[in-house]
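Observations on the three-dimensional arrangement
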Amino acid sequence: MILNYIWISLILLAVIMGLVQALCFGNVEIFSDILNSTFDNAKTGFELSLGLTGVLALWMGIMKIGERAGAVNSLGRIINPFFSRIFPEIPKGHPVFGTMLMNVSANMLGLDNAATPMGLKAMSELQELNTDKTKASNAMIMFVVLGASGLTLIPTTIMAYRAELGAANPADVFLPILIATYVATLVGLLCVCIAQKIRLKDPVVLGTIIGLTALVGLLVWGASCMAPKTLSMVSAAAAAIILLGVICWFIIQAMVHKINVYDAFIDGAKDGFKTAIGIVPFLIAILVAVGMFRASGAMGLLEQGIAVLFGWCGINPDLAGAVPTALMKPLSGSGARGLMLEAMTNYGADSLVGRLCCILQGTTDTTFYVLAVYFGSIHIKDTRHAVACCLLADLAGVIAAFAIAPIFFG
């Protein structure tokens, strides 16, 4: 529903802006520019989806190997001690712990298709423990906020899009996304812990938070101490080593568990092909609307205004082009993806704005979609402090992305 209003607004605002330019400035050619943008962007959307097919099939195939090899279960066992502390209402040994761990692990590994069904199953199991069937329980809120904050270790789709749009190193946003998404998740976690009076001084909780924060802080400190060219090389090398290490881990685990690696890859690649083809209509729809908005001059006017505001606040005005993506992300995943692609196409995949949009896209999940789907599936009407905590996590992720991008790519 939200995306419907956004899509209509972009098109109507583009036409209104065209009328203003024609009547006030005599620019009657603006209507031809707006119309031509619809054809150009429809073609771009199809070509992007077509080119994305190979890369997405590759990574979905690799992820399928990890899924069948039990990599998700392995990750779940690692984070289980921490989970038992932040969900104190759930009885020890309850089956919902396994479902939640599978969901979070799948999200961290970029297995979106596997994560959503497990997330809905977890909400259903949490509802069975809920004493008030119309009001969100503390455990539900914690689970939803962790999901909406979107902690992701492997931003598969973003790397695929960057490869398709000609990025010199599609994985160079890997570390910045990891840092920004951690900040968003940490803030969301802390907000819920404070609201629910969860013991942050618990040794496991405190140790986990301090350890991960120290690691992320070390990454930021190391990045700030390097020259841009050196940092780019180190970041690219680290991303390559980590990703290749994950691939080797998946394959070795599959061999240990006697999984047919080739068949698993083929099945995952088929899913990747279906996913790439399935997003064609959605990608064309949003790119056409955003293209009309830019061709009318409305996008440029918006970015100029934001750039002036950034200048007054002492922020690099060049970052203003990424603000539309930041504003769209909590409302619509496909809308934010379209704006990210439009920014990379307009500014360049390796531009500061293009990379920042990729970081923003990978930092959090689509907050209102997650809230609507997860709570709607079990008919929860009172979400209590879930929305506030999710939006604070989103804001933290956006601030982190804007702060980190110039350090890595400025």
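Here, every reference points to the structure presented above.
Predicted model only: the values in this text are computed from it and were never measured.

What counts, and where the lines are drawn
Numbering of residues starts from 1 in each chain and follows the order in which that chain's sequence is written. At least 70 in pLDDT is required for a residue's local features to be given in this predicted model, at least 80 for side-chain atom pairs to be given and counted, and no such filter applies to totals for whole chains, interfaces and linings, which use all residues. Hydrogens and waters are ignored; side-chain quantities use all the structure's heavy atoms. Working definition: a ring pair exists when centres of Phe, Tyr or Trp rings (six-membered ring for Trp) sit within 6.5 Å. Plane angles under 30 degrees give stacked, over 60 give edge-to-face, the rest tilted. A run of H or I in DSSP becomes a helix once it reaches four residues, and a run of E becomes a strand once it reaches two; helices and strands are each numbered from the N terminus. For the exposure calls, accessible area comes from a 1.4 Å probe over protein chains only, and a residue counts as buried if that area is under 20% of its type's maximum, exposed if over 50%, partly exposed in between. The contact criterion used throughout is that any non-hydrogen atoms of two residues lie within 4.5 Å. The salt bridge criterion pairs a side-chain nitrogen of Lys or Arg with a carboxyl oxygen of Asp or Glu, the two atoms within 4 Å. Axes here refer to lines fitted to C-alpha atoms; in helices the fit is confined to the stretch in contact. Angles between the N-to-C directions go from 0 to 180 degrees. Any angle that is under 35 degrees is reported as roughly parallel, and any over 145 degrees as roughly antiparallel; angles of 65 to 115 degrees are reported as roughly perpendicular and all others as oblique. Crossings are sorted by hand: turned counterclockwise from the far helix by less than a right angle, the near helix makes the crossing left-handed, and turned clockwise it makes it right-handed. Charged means Asp, Glu, Lys or Arg here, nonpolar means Ala, Val, Leu, Ile, Met, Phe, Trp, Tyr, Cys or Pro, and polar covers whatever is left, Gly included. To estimate the expected span of a helix, count its residues, drop one, and scale the result by 1.5 Å.

A few words on the packing of aromatic side chains. A full pass over the atoms with the stated rule returns five aromatic pairs. Measuring from centroid to centroid gives 5.9 Å for Phe-143 and Tyr-374, while their planes differ by 20°, and the two rings are stacked. Within this pair, whereas Phe-143 is found in helix α6 (residues 138–149), its partner Tyr-374 is found in helix α17 (residues 367–376), the two being separated by 231 residues in sequence. With respect to burial, Phe-143 and Tyr-374 carry one shared label: buried.

Okay, the environment of Lys-381 next. Inspection of the secondary structure assignment puts Lys-381 in the loop between α17 and α18 (386–409). When the C-alpha positions of Lys-381 and Pro-324 are compared, they lie 30 Å apart, and in sequence the two are 57 residues distant.

The subject of this paragraph is the side chain of Gln-253. Among the structural elements, Gln-253 can be located in helix α10 (residues 228–256). Residue class for Gln-253 comes out buried when judged on its relative accessible area of 15%. Residues in contact with Gln-253, not counting those within four places in the same chain, are Ala-69, Gly-70, Ala-71 and Ser-74.

Attention shifts here to the pattern of salt bridges. Summed over the entire model, instances satisfying the criterion amount to eight salt bridges. Its salt-bridge partner being Arg-162, residue Asp-172 comes within 3.0 Å of it at the nearest N-O pair. In this pair, Asp-172 is assigned in the loop between α7 (156–164) and α8 (174–196) and Arg-162 in helix α7, connecting sequence segments 10 residues apart. The same class applies to Asp-172 and to Arg-162, which are both buried. The network of salt bridges with shared partners includes Arg-162, Asp-172, Asp-350 and Arg-355.

Moving on: the packing of helix α15 (residues 333–347) against helix α16 (residues 352–363). Remark: α15 packs on α16, axes separated minimally by 8 Å, with the N-to-C direction vectors making an angle of 165°. Relative to α16, the element α15 lies roughly antiparallel. In this structure, α15 meets α16 at a crossing whose hand is left-handed. Contacts from Gly-333, Ala-336, Arg-337, Met-340, Ala-343, Met-344 and Tyr-347 of α15 reach α16 at Val-353, Gly-354, Cys-357, Cys-358 and Gln-361. Split by residue class, the contact of α15 with α16 holds eight nonpolar, three polar and one charged.

In a regular helix each residue adds 1.5 Å, so 15 residues correspond to 21 Å; helix α13 (residues 298–312) covers 22 Å between its end C-alpha atoms and thus fits that length. All of the buried residues along α13 are Ala-298, Met-299, Glu-303, Ile-306, Ala-307 and Phe-310. The first or second residue beyond α13 is Gly-314, which carries a positive phi of 80°.

Shape is all these values report; function is a separate question.
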